Amino acid sequence: MHKKTIAELSRSLQAREFSSVELTRHLLSRIDALDGGLNSFITVTAEGALAAAAAADERIARGEGGPLTGIPLAHKDIFCTEGVRTSCGSRMLDNFVSPYDATVVSRLKDAGMVMLGKTNMDEFAMGSSNETSFYGPVHNPWDLKTVPGGSSGGSAAAVAARLAPVATGTDTGGSIRQPAALVGITGVKPTYGRVSRYGMIAFASSLDQAGVLTRTAEDAALVLEAMSGFDPRDSTSSPAPVPCYHGSLQESLEGLRVGVPEEFMDEGLDSENRAAVEAALDVYRALGATVSTVSLPSLALSVPTYYVVAPAEASSNLSRFDGVRFGYRCDDPADLLDLYQRSRGEGFGDEVKRRIMTGTYVLSAGYYDAYYLKAQKVRELIAREFRQAFQHVDVLMGPTTPAPAFELGAKTTDPITMYLNDIYTIAVNLAGLPGVSIPCGLVQGLPVGLQLIGPHFSEARLLNVAHRYQQESDWHQRLPVGY
Amino acid sequence: MSLTKQEVESVARLARLEITEGEIGRVVEKLSSIIDFVDQLQTANTDDVMPMAHPLDMGQRLRTDEIFEADQRNRYQVNAPEVEAGLYLVPKVIE
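Residues numbered from 1 in each chain as written. Chains lettered and ligands numbered in written order. Predicted model: local features only at pLDDT ≥ 70, side-chain atom pairs only at ≥ 80, totals over all residues. Heavy atoms only, no water.

1. Overview of the overall build of chain A
Applicable threshold: Only runs of H or I of at least four residues qualify as helices and only runs of E of at least two qualify as strands under DSSP, and these elements are numbered from the N terminus. The globule rule used for comparison is 2.2 Å times the number of residues to the exponent 0.38, while the radius of gyration itself is calculated over C-alpha atoms. A contact between two residues is defined here by any heavy atoms of the two lying within 4.5 Å. His residues and chain termini do not enter the charge count, which takes Lys and Arg as positive and Asp and Glu as negative. A charged residue contributes its charge at one atom only: NZ of Lys, CZ of Arg, CG of Asp or CD of Glu.
Helix and strand counts for chain A stand at 15 helices and 11 strands. For chain A, the C-alpha radius of gyration of 21 Å lies close to 23 Å, the compact-globule estimate for 483 residues. Each principal axis of the C-alpha atoms in chain A carries an extent, and together these give about 65 × 55 × 45 Å. The long-range fraction of contacts in chain A, counting pairs at least 24 apart against all pairs at least 6 apart in sequence, stands at 76%. Separation of charge centres in chain A, based on 42 positive and 54 negative side chains, amounts to 3 Å.

2. Here we look at the overall build of chain B
Heads up, the rule is: Residue exposure (1.4 Å probe, protein chains only): buried if accessible area is under 20% of the type maximum, exposed if over 50%, otherwise partly exposed.
Scanning chain B from terminus to terminus reveals three helices and two strands. The N-to-C order of helical and strand elements in chain B reads α-α-α-β-β. For chain B, whose C-alpha radius of gyration is 23 Å, the value lies well above the compact-globule estimate of 12 Å for 95 residues. Overall, chain B is about 55 × 45 × 25 Å in size when its C-alpha atoms are taken along their principal axes. Put simply, chain B has 95 residues, and 31% of those count as buried. Separation between the mean location of the 10 positive side-chain charges and that of the 18 negative ones in chain B comes to 7 Å.

3. Some remarks on the side chain of Lys 353 of chain A
Put simply, the test is: Within 3.5 Å is the distance limit for a polar contact, defined as a pair of N or O atoms, with the added protein rule that one can donate a hydrogen and the other accept it, and that residues adjacent in sequence qualify only through two side-chain atoms.
One can find Lys 353 of chain A in helix α11 (residues 350-363). From its side chain, Lys 353 of chain A meets the backbone oxygen of Gly 345 of chain A in a polar contact 2.6 Å long. Excluding anything up to four places from it in sequence, Lys 353 of chain A contacts Arg 344, Gly 345 and Phe 348 of chain A together with Leu 17 and Glu 23 of chain B.

4. A few points about the layout of surface pockets
Put simply, the test is: Lining residues are defined by having an atom within 4 Å of a point belonging to a cavity or pocket. Those points lie on a 1 Å grid over the protein atoms alone, cavities being sets where a 1.4 Å probe fits but cannot get out and pockets being open sets with protein on both sides within 12 Å along at least five of seven lines. Grid points are joined across faces, edges and corners, and a volume is the space filled by probe spheres set on the points. Amino acid classes used here: Ala, Val, Leu, Ile, Met, Phe, Trp, Tyr, Cys and Pro are nonpolar; Asp, Glu, Lys and Arg are charged; the rest, including Gly, are polar.
The calculated volume of the largest pocket comes to roughly 800 Å³. Taken together, the residues of the lining of the largest pocket sort by class into 13 nonpolar, eight polar and 10 charged.

5. So, the packing of α11 of chain A against helix α1 (residues 5-14) of chain B
Test applied: Axis definition: a line fitted to C-alpha atoms, over the contacting stretch in the case of helices. Angles run 0 to 180 degrees between N-to-C directions. To sort the angles, those under 35 degrees are grouped as roughly parallel, those over 145 as roughly antiparallel, those from 65 to 115 as roughly perpendicular, and the leftovers as oblique.
The contact between α11 of chain A and α1 of chain B brings their axes to 9 Å, and the two run at 100°. On the basis of their axis angle, the class for α11 of chain A and α1 of chain B is roughly perpendicular. Counted together, Met 357, Thr 360 and Tyr 361 of chain A of α11 of chain A and Val 8, Val 11, Ala 12 and Leu 14 of chain B of α1 of chain B form the full contact between these two elements. A breakdown of the residues in the contact of α11 of chain A with α1 of chain B according to their chemical character gives six nonpolar, one polar and no charged.

6. Quick look at the interface of chain A and chain B
Using the following cut-off: Buried area: the accessible surface (1.4 Å probe) lost by two parts on joining, summed over both. By salt bridge we mean one thing: a side-chain nitrogen of Lys or Arg within 4 Å of a carboxyl oxygen of Asp or Glu.
Taken together, the 75 residues of chain A in the interface contact 54 residues of chain B. Summing both sides of the interface, chain A and chain B together bury roughly 5400 Å²; the carbon and sulfur share of this comes to 66%. Contact with chain B buries area across many residues of chain A, yet Met 357, Tyr 361 and Lys 374 of chain A alone supply 13% of it, more than any other trio. One can count six salt bridges joining chain A with chain B. Here Lys 353 of chain A makes a salt bridge to Glu 23 of chain B, at a shortest N to O gap of 3.8 Å. In this assembly, chain A and chain B are joined by 19 residue pairs in polar contact (both at pLDDT 80 or more). Those elements giving two or more residues to the side of chain A that touches chain B turn out to be α9 (302-317), α10 (336-347), α11, α12 (369-389) and α13 (415-419) of chain A. For the side of chain A that touches chain B, the residue count by class is 40 nonpolar, 18 polar and 17 charged.

7. A closer look at the packing of helix α2 (residues 20-38) of chain A against helix α3 (residues 46-61) of chain A
Residue and element names in this part refer to chain A. As a reminder, the rule being used: In a left-handed crossing the near helix is turned counterclockwise from the far helix by less than a right angle, and in a right-handed crossing that turn is clockwise.
The interhelical angle for the contact between α2 and α3, taken along N-to-C directions, is 155°, at an axis separation of 8 Å. With respect to α3, the axis of α2 lies roughly antiparallel. Relative to α3, α2 is oriented so that their crossing is right-handed. When α2 is examined against α3, the residues Ser 20, Val 21, Thr 24, Arg 25 and Leu 28 are found in contact with a partner set consisting of Ala 46, Ala 49, Leu 50, Ala 53, Ala 54, Ala 56 and Asp 57. By residue class, the composition of the contact of α2 with α3 is eight nonpolar, two polar and two charged.

8. Concerning unusual backbone geometry
Residue and element names in this part refer to chain A. A cis geometry characterises the amide bond from Gly 150 onward to Ser 151, with omega recorded as 10°. At Asp 332, a position not held by glycine, the phi torsion is positive, near 45°. Here Asp 332 shows up in the loop between α9 and α10. Of note in this structure, Phe 457 is not a glycine but carries a positive phi near 60°. Checked against the element boundaries, Phe 457 lands in the loop between β11 (446-453) and α15 (459-472). The exposure class assigned to Phe 457 is partly exposed, which follows from its relative accessible area of 31%.

9. Details of the packing of aromatic side chains
Residues and elements named next belong to chain A. Applied cut-off: Note on ring pairs: Phe, Tyr and Trp rings are taken, using the six-membered ring of Trp, and paired if centres are within 6.5 Å. Classes follow the plane angle, with under 30 degrees stacked, over 60 edge-to-face and the rest tilted.
A complete count under the given rule lists 16 aromatic pairs over all chains for this structure. Pairing Phe 96 with Phe 326 gives two aromatic rings, centres 5.5 Å apart and planes at 45°, and the pair type is tilted. Of this pair, Phe 96 sits in the loop between β2 (72-76) and α4 (103-110) while Phe 326 is found in the loop between α9 and α10, placing the two residues 230 residues apart along the sequence. An aromatic cluster of at least three residues, connected via ring pairs, comprises Phe 96, Phe 124, Phe 321, Phe 326 and Phe 348.

10. Side note on the nonpolar core
How we decide: For our purposes a nonpolar core is just a set of buried Ala, Val, Leu, Ile, Met, Phe, Trp, Tyr and Cys residues, chained together by side-chain atoms within 4.5 Å.
Within the largest apolar cluster, 166 residues are counted, with the highest numbers of intra-cluster contacts made by Phe 124, Tyr 284, Phe 386 and Leu 452 of chain A. Beyond its immediate chain neighbours, meaning those up to four positions away, Phe 386 of chain A contacts Leu 296, Leu 396, Ala 427, Val 428, Ala 431, Leu 433 and Ile 453 of chain A.

11. A look at the pattern of salt bridges
Taken as a whole, this structure holds 23 salt bridges over all chains when the rule is applied. Here Glu 82 of chain A and Arg 75 of chain B are joined by a salt bridge, their closest N and O atoms 3.4 Å apart. Placement of Glu 82 of chain A in the loop between β2 and α4 and of Arg 75 of chain B in helix α3 (residues 73-77) is noted, with the two residues assigned to different chains. Assessed through its relative accessible area of 37%, Arg 75 of chain B is described here as partly exposed. Linked through salt bridges whose partners overlap, the residues forming this network are Asp 338, Arg 342 and Glu 346 of chain A.

Bear in mind that shape data such as this cannot, by itself, settle questions of function.
This is the structure:
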């Protein structure tokens, strides 16, 4: 059962080949047996899952089931889930039981999906390896010595290990696409504003966007359609209607104009990873696409731009964690200032504190123009270069990461080395664009991803382009040994 | 550009973060390297560029100012470290 895609599971459930309760029980037992070595879940909600599955079975029996009714999923522990601990991977929220559901959670619940639990993540989504979690690192099912990427590392590992057919994620600088690439699955980061941010714990509000990690583009289309759309509770939610993503998956790619940014294929890219990307481009040529080289000259500045904008917004967003209304409070505070400083000093991990400090510094008196204002100008420059590229091509393609998964501990001593790992994904968030990563090869036994980037609100086209590739390749069907 | 210990302590105070004596050396070093790294931005020519206000060029949506949710203080205070009579308790602020 666990090897089936959502589309296949849905057909089986409707045909009563097995029930949602049986499917849920099966996946819970896999989590029990296999997650000890992966650490992909922070909380498993077995009881709630079985109750939701039983309700889904009744709904199917009444003939009221939709395509997602009875399908199990896991939520990244950044999404608020009513009555269930929502930790954001932090000691700060280790004791926080959310009083409400995020919009993403309630929409998928309404569609009849069954939550198996909450997945591990970098603390407050700040990291690219899942090593900053208060709950310990997640291991990559392809090689337990390597990282699964981050920050949605638990979601990625759980889907790759077939513990769940789909998991939600969030992507502020690559946190869906990068882990999807490193564990060999499909990851979709939608356009900024496409999916509601209500109830999704904020990191950098102008960059954060929720999305999905699945095995196939077809599965991503099904789930994304259910979670997208206008939400009055999110002031940056887009009113644009949500197209039927799965309805256009089969469209022809004849005449598709693909652009490859030369800055994506530079000397920073691992040579075998490059070969995998080039082989994927050949598949697209065979499908009728034309491939040309384009340029995004300011791409190299995307990482420094991000490390001004994101920490600045984070320092503001995370000021709400003060030890007063919810979350961690230090023991025996001497006075109010001591309560604030020690609750935050003890409740946050090193990387989160580093980013709050960076953000506070770049926003402080005398530095605002030199850093924050300058970064917002360079950000506009980067967005402009993307707009110019999309006048000539329909979709941009390149690698998702510079190399396959690295070993645990390899990049934890120098923050800059870790930050540069997101060189190909960060610019997409700065410009608010949608991006997809699909598996396109194995390098020394580890998966690598092909990244697809489109203009704002081009999710339907990107999913179509991803789906056609998956019909011509089997990288997305490869399974890590032992799972 | 290297930050001084005093500058880092002042940022930590603004951010309401306790940094212990044992940590401060490491924090100064890493924060300095991050600020050095983002200083690359100064090389970009942005003379004719307006700073980005919103990735989609959208305006801020407004809504009418009316009450549409009920008071849920009791539910929210379940997560509070210390409450009394519906109030959040903190150490004494005024002697």
